[in-house]
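Listed below are the residues making up each chain.
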Amino acid sequence: MFLITFGLALGATQRGATYVTTYPGWLGWLMFGCCCLAVFMAGAKMLQAVDLERTLEQYE
């Protein structure tokens, strides 16, 4: 699962770097930050789902 998050992060930083060169200034950096934030949110959601699955398996 951490490799999936790592792959998402690599793609997001690549896209963010493209935004920084395409949109110079604060707008490019804002888009870069949004790309990275999306990966943090997705990674947290995946970890939460794994924890929920493990918890539900205990009660079966």
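Report follows, based on the coordinates. (Residues numbered from 1 in each chain as written. Predicted model: local features only at pLDDT ≥ 70, side-chain atom pairs only at ≥ 80, totals over all residues. Heavy atoms only, no water.)

Tallying each qualifying case throughout the model produces zero disulfides. Free cysteine Cys35: the closest other cysteine sulfur is in Cys36, separated by 6.7 Å. Cys35 gets classed as buried once you look at its relative accessible area, which sits at 14%. (Disulfide = S-S within 2.5 Å. Buried < 20%, exposed > 50% of the residue type's maximum accessible area, 1.4 Å probe, protein only.)

Running from N to C, helix H1 (residues 2–22) and helix H2 (residues 26–58) cross one another at 170°; their axes reach a closest spacing of 8 Å. Classified by the interaxial angle, the pair formed by H1 and H2 is roughly antiparallel. Taking contact as the criterion, the partners of Phe2, Ile4, Thr5, Leu8, Ala9, Ala12, Thr13, Arg15, Gly16, Ala17, Tyr19 and Val20 in H1 are, on H2, Gly28, Trp29, Met31, Phe32, Cys35, Cys36, Val39, Ala42, Gly43, Met46 and Leu47. (Axes fitted to C-alpha atoms, helices over the stretch in contact; angles between N-to-C directions. Helix = DSSP H or I, 4+ residues; strand = E, 2+ residues; numbered from the N terminus. Parallel < 35°, antiparallel > 145°, perpendicular 65-115°, else oblique. Contact = heavy atoms within 4.5 Å.)

Our next topic: a nonpolar patch on the surface. Residues Tyr23, Trp26, Leu27 and Leu30 make up a contiguous nonpolar surface patch of roughly 450 Å² in combined accessible area. With respect to the helices, strands and loops of the structure, Trp26 is situated in helix H2. (Patch = residues over 30% accessible without salt bridge, like charges linked within 9 Å, V, L, I, M, F, W, Y side chains within 5 Å. Areas by Shrake-Rupley, 256 points an atom, 1.4 Å probe, with all protein chains shown as cover. Salt bridge = Lys/Arg side-chain N within 4 Å of Asp/Glu carboxyl O.)

Moving on, we come to H2. With 33 residues, H2 extends 48 Å between its outermost C-alpha atoms, agreeing within 8% with the 48 Å of an ideal straight helix rising 1.5 Å per residue. Buried residues in H2 make contact with H1. (Expected span 1.5 Å × (residues − 1).)

Let's shift gears to the packing of aromatic side chains. In this description, an aromatic ring pair is defined by two values, namely the gap between the centres and the angle between the planes. According to the stated counting rule, one finds two aromatic pairs in the structure shown. Here the aromatic rings of Tyr19 and Tyr23 are separated by 6.2 Å at their centres, their planes lie at 35°, and the arrangement is tilted. A relative accessible area of 37% places Tyr23 in the partly exposed class. Ring geometry for Trp29 versus Phe32: centroids 5.7 Å apart, planes at 70°, classification edge-to-face. (Phe/Tyr/Trp six-rings, centres within 6.5 Å; stacked < 30°, edge-to-face > 60°.)

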